[in-house]
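Structural characterization, general
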Amino acid sequence: MSVVSKHSEAESGARGEGTPRLWPGIAAVVVMVVGRFLIPAVVPGSALLGVLSVLIGTVAMLVWWTGFSRIPQGERWGVLAVLILGAVVASRFLHESIATSMQGLMYAIYLIPVLCVGLVAWTTLRRSLSRSGRWALLVGFTVLGCGAWTLLRTEGMTGDGRQDFAWRWSPTYEQQLLAQANPSVGSPLANDEPFNVVWSGFRGNHRDGVVRGTQLSKHWSSAPPTEEWRRKIGPACSSFAVSDQFLFTQEQRGDHEAVSCYGRKSGELVWRHQDEVRFWDSHAGAGPRGTPTLHGTLLLAFGGTGLLSALDGPTGKLLWSRNVAKDSAVEVPEWAFSSSPLVIKDKVFVAAAGTLVAYRLEDGELLWQRACGEDGYSSPHLHNRAGMTEVLLASKRGLTSVLPDDGSVIWQFPQEEGARICQPALLPEGDILLSDGEAAGLRRFSVSRSGQSWEFEERWKSIRLKPYLSDFVVHQGAAYGFDGSLLACISLQDGSRQWKGGRYGHGQLLLLADQDLLLLISEQGEVALVSATTGSFQELGRFQALQGKTWNHPVLVQNMLFVRNGQEMATFRLPTESSPSTPNGS
């Protein structure tokens, strides 16, 4: 080697101008991109892996860039300063849905992989550019990569964390709805027409998602379901309460939260009660979360901000209202008040994020309130045990049983912290099946009284079925529900998995107990008929019912299926094997 070459090499090394070491950066980017985007696209329930991949990849990129990239030290820190400054400046101009999604982390989780890919590409091209060209390319890429996020909004996210992106300036589904002409109004109920409750509200008459008295055909290919009507509707996670003539639901209409009554046969609006309140979050969107409850002719609706309204079902006349948030001194939780009212005799119960509140049904007088644990998005649940009536409420701290008369705590089954959304399942043997919350699995336990105390025995805990956003059902020694985005069946004997299959997203389901069938609606708005037997997964039929994300529970009355989401509602006539001999119920 010549003296000149040695001198040039030493000079180059002193300036840090050696050939950039690219492979660590490429490896970090591959880990980040595969874990954040590719694996979640093909493996259900792997959203957490994506977040961890971004975190690990970010640390690896920083270690590579600051310590092993062979880029001159001043340039290393200058590049980082440009990237960070671009990200911070763009963050000041984000749409609210982008800025708050994923508890405020979405922008970083999506942006960092893009910046890292760009940084590796910039490092690859760097030596072929002049000093001014390098910085111009870096600034241009940073402006494009960060600034693009200021042009977007998200309509919400799926249960697996996938975002529904739209251009910031495009009208939302709700804005498109409000821009339409007012809907035609159907006829109110005549005085001599019957008004009977056929589906009282959330998950049916017993809140267990069980339907009896209907015999559906299993051959949808030869006799497919037929659509009766379809209507646009305001956003909400609510389902329906149903009478002979009407459907009752909740929705958001701009700045007004609404309780609406629609004709069963036509879908025409009959009446609408509105309050000037609005709840919105970047996860589920705008609107109330609970489902109205029909008790005789009385309709009770609990809104996302805490308004409890008692209305006359046939006419929509407001009878009384209460601000539950104010009464209970509980702030509106992160994902809104999500409880559906429960009526027992002369009282109505609602859950205010872990606090159970009771009102007199006749006039809305506050009777009592009981803190049952922090947080929670489950609804009060009626439980009759050996002649004793209990109200159960799942919360962040576990499951609490109280007396409906005065709210006295009967017993409390403690659990590890976790936001509980699903309803408990009451087993024929007297045991209780309860979600551990936040996709942590199911737990079966027994409750028994010994003198003045209560004793609990845990039968088993299983992660083979992990209901989180979606409720589950129990049938013939098995539990059926959504394990992430797949349908699963586990044994009630020991919690072992019997089968798993069918990619439906975080949907909702009903059990047709007389036929060993599951009728479900997927997160993508598809309705499917699945065998409720422990042998193997078997889908019998499927059709597209709705467009858009669907978290709302379906309703089945005889062979009429009522479904909705945050954009539209529809009714389908399902083919039957024979005419049902008894009215449908649960």
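A brief structural summary. Nothing here was measured: the structure is a model prediction, and the numbers come from that model.

**So, the side chain of serine 101**
- Take serine 101: it is sitting in the loop between helix H5 (96–100) and helix H6 (106–126).
- By relative accessible area, which is 0% here, serine 101 ends up buried.
- Ignoring sequence-local partners within four residues, the contact set of serine 101 consists of Met106, Thr154, Met157, Gln163 and Ser282.

**Overview of the packing of helix H4 (residues 73–91) against H6**
- Put simply, H4 and H6 touch, their axes get as near as 12 Å, and they point 145 degrees apart. For the pair H4 and H6, the sense of crossing is right-handed. Touching Glu75, Val79, Leu83, Gly86, Ala87, Ala90 and Ser91 of H4 are Tyr107, Leu111, Leu115, Leu119, Trp122 and Arg126, all from H6.
- In terms of residue class, the contact of H4 with H6 is built from nine nonpolar, two polar and two charged.

**Some remarks on helix H3 (residues 47–68)**
- The terminal C-alpha atoms of H3 lie 30 Å apart, and with 22 residues this matches the ideal 32 Å at 1.5 Å per residue to within 8%.
- Here H3 has its buried residues at Gly50, Ser53, Val54, Gly57, Met61, Trp64 and Trp65. All buried residues of H3 fall inside an arc of 105 degrees around its axis, so they share one side. For H3, the exposed residues lying more than 90 degrees away from the buried face are Leu48, Leu55 and Ile56.
- After H3 finishes, the residue arginine 70 shows a positive phi value of roughly 65 degrees.

**Focus: the nonpolar core**
- Among the nonpolar cores identified, the biggest contains 33 residues, and Leu519, Leu556 and Leu574 are the most heavily contacted of them.
- Elements with a contribution of two residues or more to this core: strand E3 (197–199), strand E32 (508–512), strand E33 (517–521), strand E34 (526–531), strand E36 (555–557), strand E37 (560–564) and strand E38 (568–573).
- When residues of this core are assigned to their parent elements, the largest contribution, four residues, is made by E37.

**Describing the environment of leucine 307**
- Following the sequence through the fold, leucine 307 ends up in strand E14 (residues 307–312).
- When the C-alpha positions of leucine 307 and tyrosine 377 are compared, they lie 16 Å apart, and in sequence the two are 70 residues distant.
- Contact partners of leucine 307, with chain neighbours within four places excluded, come to Asp275, Val277, Ala301, Phe302, Arg322 and Asn323.

**Some points on the sheet that holds strand E30 (residues 486–491)**
- Pairing is antiparallel across the open sheet formed by four strands, whose spatial order is E28-E29-E30-E31. Each having just a single partner strand, strand E28 (473–475) and strand E31 (497–503) make up the two edges of the open sheet. Going across the sheet, the axis of each strand differs from the next one's by a mean of 20 degrees, ignoring polarity.
- Alignment of strand E29 (residues 478–483) against E30, held across six bridges, turns out to be antiparallel. By the bridge assignment, alanine 478 is partnered in E30 with serine 491.

**Here's the deal with unusual backbone geometry**
- With a phi angle near 55 degrees, glutamine 103 is a residue other than glycine that sits in the positive phi range.
- A positive phi angle, near 55 degrees, is found at glutamine 558, a position not held by glycine.
- Looking at the secondary structure, you find glutamine 558 in the loop between E36 and E37.
- By relative accessible area, glutamine 558 is classed as partly exposed at 36%.

**A closer look at a nonpolar patch on the surface**
- A cluster of nonpolar side chains, Val31, Leu48, Leu52, Leu55, Ile56, Val59, Val63 and Phe68, forms an exposed patch at the surface whose accessible area comes to about 760 Å².
- Top contributing element to the nonpolar patch by residue count: H3, with seven residues.
- A relative accessible area of 47% places valine 59 in the partly exposed class.

What counts and what doesn't
Residues numbered from 1 in each chain as written. Predicted model: local features only at pLDDT ≥ 70, side-chain atom pairs only at ≥ 80, totals over all residues. Heavy atoms only, no water. Helix = DSSP H or I, 4+ residues; strand = E, 2+ residues; numbered from the N terminus. Buried < 20%, exposed > 50% of the residue type's maximum accessible area, 1.4 Å probe, protein only. Contact = heavy atoms within 4.5 Å. Axes fitted to C-alpha atoms, helices over the stretch in contact; angles between N-to-C directions. Left-handed = near helix turned anticlockwise from the far one by under 90°. Nonpolar A, V, L, I, M, F, W, Y, C, P; charged D, E, K, R; others polar. Expected span 1.5 Å × (residues − 1). Arc of directions from axis to C-beta. Core = buried A, V, L, I, M, F, W, Y, C linked by side-chain atoms within 4.5 Å. Pairing = 2+ DSSP bridges. Patch = residues over 30% accessible without salt bridge, like charges linked within 9 Å, V, L, I, M, F, W, Y side chains within 5 Å. Areas by Shrake-Rupley, 256 points an atom, 1.4 Å probe, with all protein chains shown as cover. Salt bridge = Lys/Arg side-chain N within 4 Å of Asp/Glu carboxyl O.

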